[in-house]
Amino acid sequence: MMRHIISILLENESGALSRVAGLFSARGYNIESLTVAATEDPTLSRMTLVTRGSDEIIEQITKQLNKLIDVVKLVDLAEGAHIEREMLLIKVEAADGARDEVKRLADIFRGRIIDVTEKSFTIELTGSGGKLDAFLQALGKTVIIEAVRSGTSAIARGDKGLHL
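This one's a predicted model, so the numbers in the text were calculated from it and none came from an experiment.

Basis of the calculations
Residues numbered from 1 in each chain as written. Predicted model: local features only at pLDDT ≥ 70, side-chain atom pairs only at ≥ 80, totals over all residues. Heavy atoms only, no water. Salt bridge = Lys/Arg side-chain N within 4 Å of Asp/Glu carboxyl O. Helix = DSSP H or I, 4+ residues; strand = E, 2+ residues; numbered from the N terminus. Buried < 20%, exposed > 50% of the residue type's maximum accessible area, 1.4 Å probe, protein only. Pairing = 2+ DSSP bridges.

J.: How should I be thinking about the pattern of salt bridges in this particular structure?
T.: Opposite charge on two side chains makes pairing possible when the charged atoms of those side chains draw close. Applying the stated criterion across every chain, the model contains ten salt bridges. Here E84 ties to R3 by a salt bridge, and the two come within 2.9 Å at their closest N and O atoms. A residue pair is termed long-range when its members are at least 10 positions apart, and E84 in strand β5 (residues 82-93) and R3 in strand β1 (residues 2-11) qualify at 81 residues. D133 is the partner of R149 in a salt bridge, and the nearest nitrogen-oxygen pair spans 2.7 Å.

Quick look at the structure:
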């Protein structure tokens, strides 16, 4: 089961997201990550969806997505060179002796401490999913109070672009 990043340009209208998600749930396909935001054209949104499946399943998914009236254009970014990133906001306990170690780890992973209290740090970290996973693992025994991940955002490398 290969991982696929499907980038979809769709009309920026209410219900468009639910129709795409409904297509997946109706067929029993899992969405690992989903991000949606308006584009430079306010009438269009860009959805980045991560899923797993065989080539046949992904082909079926893309055909079904193309039939949806809201979908303007789509591309499977896994078919070519692309850049992908996620963002992690994580709040960890950082009292007394743990503060230096948490700051050191944030620096190593090029994270930014964006909020400090007497007992905690909130860290912002951007990178590949693997980098974020490695940071979480490196925290080890550090107590995680709360963690939020954005999901994958991706774009094709070079001159290629998803546009009309």
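J.: Whenever I open this one, unusual backbone geometry confuses me. Can you help?
T.: Generally, phi is negative for residues other than glycine and the peptide bonds are trans, each holding for most cases. Residue D96 is not a glycine yet carries a positive backbone phi of 45°. Among the secondary structure elements, D96 is positioned in the loop between β5 and α3 (98-108). Its relative accessible area of 70% is what places D96 among the exposed residues. One non-glycine residue, R110, lies in the positive phi region at around 55°. By the element assignment, R110 lies in the loop between α3 and β6 (112-116). Looking at R110, the relative accessible area reads 74%, which means it is exposed.

J.: Please explain the pairing of strand β2 (residues 33-38) as it appears in this structure.
T.: Regular strands place their side chains on alternate faces of the sheet. In this structure, β2 lies alongside strand β3 (residues 44-53), joined through six bridges in antiparallel fashion. Residue V36 lies in a different strand from β3, and its bridge partner there is M47. The turn linking β2 back onto β3 is made up of five residues.

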